[in-house]
Structures are given as C-alpha cells and as structure tokens.
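# Tertiary structure, described
Letter by letter, the chains look like this.
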Amino acid sequence: MWSAGRGRAAGQALLGLLLTFLVASSGAAKTGAGLVTCGSVLKLFNTQHRVRLHSHDIKYGSGSGQQSVTGVEASDDANSYWRIRGGSEGGCPRGSPVRCGQAVRLTHVLTGKNLHTHHFPSPLSNNQEVSAFGEDGEGDDLDLWTVRCSGQHWEREAAVRFQHVGTSVFLSVTGEQYGSPIRGQHEVHGMSSANTHNTWKAMEGIFIKPSVDPSAGHDEL
C-alpha cells in the first residue's frame, strides 16, 4: 500500500517564486544554449523514455518506505522541479558551472528531499530503488550523484548521466509503469551499467547566470 504525507509550505513558496521568474522572463530562462549552474532549478528529461524526473509526497509501499521518485510524461507538472546543490561540505557556489565529474545533490523543490538511492530493490523491475530522502535539503552521503558528461562542464543541450557516488548505479528508466494511485507514472531506478536508459537532458527551469565565464582565459601581465 502506498502512503501520502503532507506537503511543505517552504517548497510551495519557492515554486511560486520560480513560476514568477518564468513568467517575468517570457521563457528566456527555459531556452537557448548555455551551462547548468549550481543553484539552478530545472526539470530533467530522460531522452530514451521521454519522461521527466518527478517526485511527490507519496511513499513507497515496499522497500525503504521513503518518498517515491518516478518519471512523468507531462511537461507542466510542478512536482518535477529539482534544485542543483553541492555536497554537505559545499563546493558548488551559486552560479558556478557544474563540472563533468562533479558530485551534486538534486533537491526536490516542493518537498525539500534529496534524490537518493540505497540497496533496496525497486518495486517493478527489481533494480535498485531510487527515492527522495531527508528534511529541508539535508540528508546523508547517499544523496550524492556524479554528473557524467563529455567535456569540461554540464551543457544544457547535452545528454548526461547521473552516477550514484555511494553505490555506483546510474539513474535510469526502463519503461515499467505504476498502477493506482500514481497510474501511468514510470519507475525510476538505479542500474549498474551505462546505457541508453540513463541519459538525461536539462529542460524547463531557472538557470542561474554563471558567476564567471568558464571559457575565459587568464592573461599574465
């Protein structure tokens, strides 16, 4: 049996602010080339199965019993926004471009929980369960994911992978769909190998302007 919890006022307030920025920018924040930066709020799109990474205040009825993470086809669902943050020790100043190979936390905007995985089987495919964990953005070391991409920085137009620091699995979707109460949503889980099921792109959101130009060189006087 699935269980529902209570929403968080802070997440609602942050989402309201986000939507205000989106309207004020007339879509400029959602389109165009550039880099993904620390502090940005965005949706992540699985390129193979064409779903966005999603969570909600509904807990798994098996496994860890933590907040469930799924994939949804809708592009306008407010529960699909995630904020890019550094680890507990910092290392991801607001506006700095995310480097390929950098470990980040992905915090669900509306509930304040971090994308998380651990050694529990996922409900449908028996891969590794992916959940949302913590309170107000604070969880544990199993919330860290390494951004795997080509080049120096995470580019918004490029497909990337997220490899879990603690267990080495890749954030994946393979097409299994849930029934009630989240009918039609796709299972999100961890897989041990890099393949077409675990490539993601940055989509709609607010992208914080880079604090420095990462392509700028340094000239010695």
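Look a little higher up for the structure.
Notes on the structure in this doc start here. Computed from a predicted model, the values in this text were never measured in an experiment.

## Description of the overall build of the protein chain
A tally of helices and strands in the protein chain yields one helix and 13 strands. Put simply, the protein chain runs from its N terminus to its C terminus through helices and strands in the order β-α-β-β-β-β-β-β-β-β-β-β-β-β. Summed over all atoms, the accessible surface of the protein chain reaches about 10300 Å², with 50% contributed by carbon and sulfur.

## Re the pattern of salt bridges
Counted under the stated rule, the structure contains four salt bridges. Across the pair Glu135 and Lys113 runs a salt bridge whose closest N-O atoms are separated by 3.1 Å. With Glu135 in the loop between strand S8 (128–133) and strand S9 (145–148) and Lys113 in the loop between strand S6 (103–108) and strand S7 (114–121), this residue pair connects regions lying 22 residues apart in the sequence. In the salt-bridge network here, residues are joined through shared partners; they are Arg85, Arg105 and Glu138.

## A few points about the nonpolar core
Counting 31 residues, the largest nonpolar core has Leu53, Val69, Leu115, Trp154, Phe162 and Leu171 as the members making the most contacts within it. For this core, the elements supplying multiple residues, two or more each, are strand S2 (41–46), strand S3 (51–59), strand S5 (82–85), S6, S8, S9, strand S11 (170–177) and strand S13 (200–206). With three residues, S3 is the largest single contributor of residues to this core. Beyond its immediate sequence surroundings of up to four residues, Leu171 is in contact with Leu53, Leu115, Val130, Trp145, Phe162, Val188, His189, His197, Asn198 and Trp200.

## What about the environment of Val173?
With respect to the element layout, Val173 can be found in strand S11. With 48 residues separating them along the chain, Val173 and Ser125 place their C-alpha atoms 9.8 Å apart. Not counting chain neighbours up to four residues away, the residues in contact with Val173 comprise Asn46, His49, Val51, His186, Glu187, Val188, His189, His197 and Trp200.

## Quick look at the packing of aromatic side chains
All chains considered together, the criterion is met by one aromatic pair. Where Trp154 meets Phe162, the ring centres are 5.4 Å apart and the plane angle is 75°; that geometry is what we call edge-to-face. Grouping residues by exposure puts Trp154 and Phe162 together as buried. Positioned over the ring face of Tyr81 is Lys43, at 4.7 Å from the centre of the ring. Here the basic side chain of Arg156 rests over the ring of Phe207, its NZ or CZ set 3.8 Å away from the ring centre.

## Comments concerning the state of the cysteines
Enumeration over the complete set of coordinates arrives at two disulfides. Between the sulfur atoms of Cys38 and its disulfide partner Cys92 the distance amounts to 1.8 Å. Measuring the twist about the S-S bond at about -95°, one finds the Cys38-Cys92 disulfide to be left-handed. Remark: Cys92 occurs in the loop between S5 and S6 and Cys38 occurs in the loop between helix H1 (9–24) and S2; sequence separation between them is 54 residues. Residue Cys38 shares its accessibility class with Cys92, and that shared class is buried. Covalent S-S linkage joins Cys100 and Cys149, the inter-sulfur distance amounting to 2.0 Å. With the S-S dihedral at roughly -115°, the linkage between Cys100 and Cys149 falls on the left-handed side. One end of the pair, Cys100, is in the loop between S5 and S6; the other, Cys149, is in the loop between S9 and strand S10 (161–164), with 49 residues separating them in the sequence. Among the residues examined, Cys100 registers a relative accessible area of 19% and is labelled buried. When the cysteines of the protein chain that form disulfides are numbered from the N-terminus onward, they connect as 1-2, 3-4.

What counts, and at which threshold
- Residues numbered from 1 in each chain as written.
- Predicted model: local features only at pLDDT ≥ 70, side-chain atom pairs only at ≥ 80, totals over all residues.
- Heavy atoms only, no water.
- Helix = DSSP H or I, 4+ residues; strand = E, 2+ residues; numbered from the N terminus.
- Areas by Shrake-Rupley, 256 points an atom, 1.4 Å probe, with all protein chains shown as cover.
- Salt bridge = Lys/Arg side-chain N within 4 Å of Asp/Glu carboxyl O.
- Core = buried A, V, L, I, M, F, W, Y, C linked by side-chain atoms within 4.5 Å.
- Buried < 20%, exposed > 50% of the residue type's maximum accessible area, 1.4 Å probe, protein only.
- Contact = heavy atoms within 4.5 Å.
- Phe/Tyr/Trp six-rings, centres within 6.5 Å; stacked < 30°, edge-to-face > 60°.
- Lys NZ or Arg CZ within 6 Å of the ring centre and 35° of its normal.
- Disulfide = S-S within 2.5 Å.

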